[in-house]
Amino acid sequence: MTTATRVVDLRSDTVTQPTPNMRRAMASAEVGDDVLGDDPTVKRLEAIAAERLGKEAALFVASGTMANLVSLLTHCQRSDEAICGNYAHLLQSELGGAAGLAGVQLRPLKNDEQGRMDLDEIRAAVRAKGATPRTALIAIENTHNYCNGSALPASYTAEVAAIARESDAAFHIDGARIFNAALALETTVAELAKDADSVTFCLSKGLAAPVGSVICSSGPFIERARRLRRQVGGGMRQAGVLAAAGIVALEEMVDRLADDHANARYLADGLAKIQGLKTDPSLVQTNMVFIAPAGIDGVALQQGLRERGVLSTGSPQRLRMVTHYGIERGDIDYALECAREVAASLA
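Basis of the calculations
- Residues numbered from 1 in each chain as written.
- Predicted model: local features only at pLDDT ≥ 70, side-chain atom pairs only at ≥ 80, totals over all residues.
- Heavy atoms only, no water.
- Pairing = 2+ DSSP bridges.
- Helix = DSSP H or I, 4+ residues; strand = E, 2+ residues; numbered from the N terminus.
- Axes fitted to C-alpha atoms, helices over the stretch in contact; angles between N-to-C directions.
- Contact = heavy atoms within 4.5 Å.
- Salt bridge = Lys/Arg side-chain N within 4 Å of Asp/Glu carboxyl O.
- Buried < 20%, exposed > 50% of the residue type's maximum accessible area, 1.4 Å probe, protein only.
- Phe/Tyr/Trp six-rings, centres within 6.5 Å; stacked < 30°, edge-to-face > 60°.
- Lys NZ or Arg CZ within 6 Å of the ring centre and 35° of its normal.
- Core = buried A, V, L, I, M, F, W, Y, C linked by side-chain atoms within 4.5 Å.
- Expected span 1.5 Å × (residues − 1).
- Polar contact = N/O pair within 3.5 Å; in protein donor to acceptor, adjacent residues only side chain to side chain.

Enquirer: Tell me about the sheet that holds strand 6 (residues 170–174), and name the residues and values.
Expert: An order of 2-8-7-6-5-3-4 is seen for the seven strands of this open sheet, with the pairing classed as mixed. Since the sheet does not close on itself, it has two edges, and those belong to strand 2 (57–61) and strand 4 (105–109), each with one partner. For this sheet, the mean angle separating the axes of adjacent strands, direction not counted, is 20 degrees. Lying over the sheet, helix 2 (residues 40–53) contacts strand 2, strand 7 (198–202) and strand 8 (213–217), oriented at roughly 125 degrees with respect to strand 2. Docked against the sheet, helix 10 (residues 219–231) engages strand 2, strand 7 and strand 8, running at close to 20 degrees with respect to strand 2.

What follows is the structure, given as structure tokens:
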């Protein structure tokens with residue numbers, strides 16, 4: 001725990017606080033029983049999300065992990081196989097839900113530093129028709145969290161989608177931060193998602209809503225997913241209180257992601273000038289910065305920053321800092337000042 005009087009929380013963009021407009025919208029939200037299909041605010045959020053992503057329908061769920069799990073359950077049967085990257089959130093950070101709850105085997109392929117899997121390796125990994133387990137799904141992540149927060153362009157997405165179609169497999173995008181990706185690539189989320197059979201995105205990360213993610217797909221897929229959401233305990237009642245914040249997130253918080261990207265690049269540029277820290281600003285496309293200690297102790301580095309109120313995540317070998325709503329340029333300057341002090345003390 002930190003005892004510092006100033007805290008700059010760069011652990012994740014999930015630590016954001018709801019905006020004043022979100023709090024007002026939540027307080028006045030019109031609600032009903034969403035499991036019975038009676039919540040007008042949830043319906044409005046789902047309609048807005050589907051339109052933004054260029055899909056027929058959408059489903060509001062509690063979290064990004066639930067969004068991926070429900071998508072897997074909808075696409076796959078038990079004992080099927082899904083191909084994903086070896087650094088995919090689906091594999092690394094969802095507590096084995098694919099296997100433990102969906103009964104789906106994940107087949108990881110190597111991600112490069114931009115989060116891409118090699119196209120030839122994907123083709124080679126797809127099992128022949130009639131083989132067991134069946135290759136039922138190919139999944140990518142955009143932006144790719146563990147691979148520098150990189151944004152994957154629509155051209156790459158289209159190539160992976162083509163392999164999925166050739167293989168009679170579904171194609172899923174874990175788009176937890178797809179709005180960051182679209183901004184970085186100067187395109188739209190609909191363009192990035194157009195070749196996907198399903199795509200998810202989080203309202204509770206850079207968009208700053210307190211709770212929730214959305215699955216977007218075809219009408220029939222979403223109807224099946226709605227039933228499966230309830231099966232895993234995701235049926236919410238007067239969920240319009242939460243959906244109201246999600247609507248504000250989509251209407252007011254997308255364009256300001258540019259501030260997070262600019263602050264992340266400013267942070268990376270500053271860290272790259274500090275002796276004892278290794279950071280490559282050219283890899284910073286969105287709101288994530290990764291730092292490798294160079295000749296200094298990573299545990300002591302992270303602890304020293306924490307004592308000064310600068311919070312990060314990751315391992316001692318690779319720290320992660322994430323910019324988000326609530327982090328201003330002055331906070332970045334303070335974080336850099338603390339990093340210089342700690343690195344100098346450990347040199």
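Enquirer: Give me the lowdown on the pattern of salt bridges, citing residues and values where you can.
Expert: Two side chains of opposite charge can pair, provided their charged atoms sit close to one another. Inspection of every chain in the model, using the stated rule, returns 16 salt bridges. A salt bridge links Asp-260 to Arg-256; its shortest N-O distance comes to 2.5 Å. Take Asp-260: its relative accessible area is 0%, and that puts it in the buried class. Taking relative accessible area as the criterion, Arg-256 reaches 16% and is therefore assigned buried. Among the charged side chains, a salt-bridge network with shared partners connects Glu-81, Arg-107 and Arg-127.

Enquirer: Describe the pairing of strand 13 (residues 318–322), with residues and values.
Expert: Counted residue by residue, strand 13 has four buried out of five residues, so it is predominantly covered. Pairing of strand 10 (residues 288–293) with strand 13, which is carried by four bridges, proceeds in the antiparallel orientation. Among the inter-strand pairings, Val-289 is bridged to a residue of strand 13, identified as Met-321. Sheet analysis places strand 12 (residues 313–315) next to strand 13, joined by three bridges and oriented antiparallel.

Enquirer: Residue-level account of the packing of aromatic side chains, with values.
Expert: Where two aromatic rings form a pair, the distance of their centres and the angle of their planes describe that pair. Per the counting criterion, the structure on display carries one aromatic pair. Its guanidinium or amino end placed over the ring of Phe-290, Arg-318 lies 3.8 Å from that ring's centre, counting from NZ or CZ. When the ring centre of Tyr-266 is taken as origin, the NZ or CZ atom of Arg-329, which lies over that ring, is 4.1 Å away.

Enquirer: Describe the nonpolar core, listing the residues and the values that go with them.
Expert: Phe-179, Phe-201 and Leu-203 are the most contacted members of the largest nonpolar core, which has 59 residues in total. Sorting elements by how many residues they give to this core places helix 11 (residues 240–252) first, with seven residues. Residues within four places of Leu-203 in sequence aside, it is in contact with Leu-45, Phe-60, Ala-208, Ala-209, Gly-212, Ser-213, Val-214, Gly-246, Ala-249 and Leu-250. Grouped together as the second largest cluster of nonpolar side chains are 27 residues, Val-61, Met-66, Cys-76 and Leu-106 included.

Enquirer: Describe unusual backbone geometry, naming the residues involved and giving the relevant values.
Expert: Between Thr-132 and Pro-133 the backbone carries a cis peptide bond, its omega angle lying at 0 degrees. As for its placement among the helices and strands, Pro-133 is situated in the loop between helix 6 (119–125) and strand 5 (135–141). Backbone torsion omega between Asn-142 and Thr-143 reads 0 degrees, so that peptide bond is classified as cis. On the secondary structure map, Thr-143 appears in the loop between strand 5 and helix 7 (154–166). Even without being a glycine, Ser-79 presents a positive backbone phi close to 80 degrees.

Enquirer: A description of helix 10 should follow, citing residues and the corresponding values.
Expert: The end-to-end C-alpha separation of helix 10 is 19 Å, in line with the 18 Å expected for 13 residues at 1.5 Å each. Looking at the buried residues of helix 10, the elements they touch are strand 2, helix 3 (64–75), strand 7 and strand 8. One side-chain oxygen of the residue at the start of helix 10 lies 3.3 Å from the amide nitrogen of Phe-221, identifying that residue as Ser-218. Positive phi appears at Gly-233, one or two residues downstream of helix 10, with a value of about 90 degrees.

Enquirer: A description of helix 12 (residues 257–271) should follow, citing residues and the corresponding values.
Expert: With 15 residues, helix 12 extends 21 Å from end C-alpha to end C-alpha; this agrees with the ideal 21 Å at 1.5 Å per step. Residues of helix 12 that are buried sit in contact with helix 8 (178–185), strand 9 (277–278), strand 10, strand 13 and helix 14 (329–346).

Enquirer: So, the environment of Leu-319: which residues are in play, and what are the values?
Expert: Position of Leu-319 among the secondary structure elements: in strand 13. Judged by relative accessible area, Leu-319 falls into the buried class, the value being 1%. Residues Leu-319 and Pro-18 lie 301 residues apart in sequence; the distance between their C-alpha atoms is 26 Å. In this structure, Leu-319 is in contact with Val-289, Phe-290, Ile-291, Gly-298, Leu-301, Gln-302, Leu-305, Ser-312 and Thr-313, ignoring residues within four places of it in sequence.

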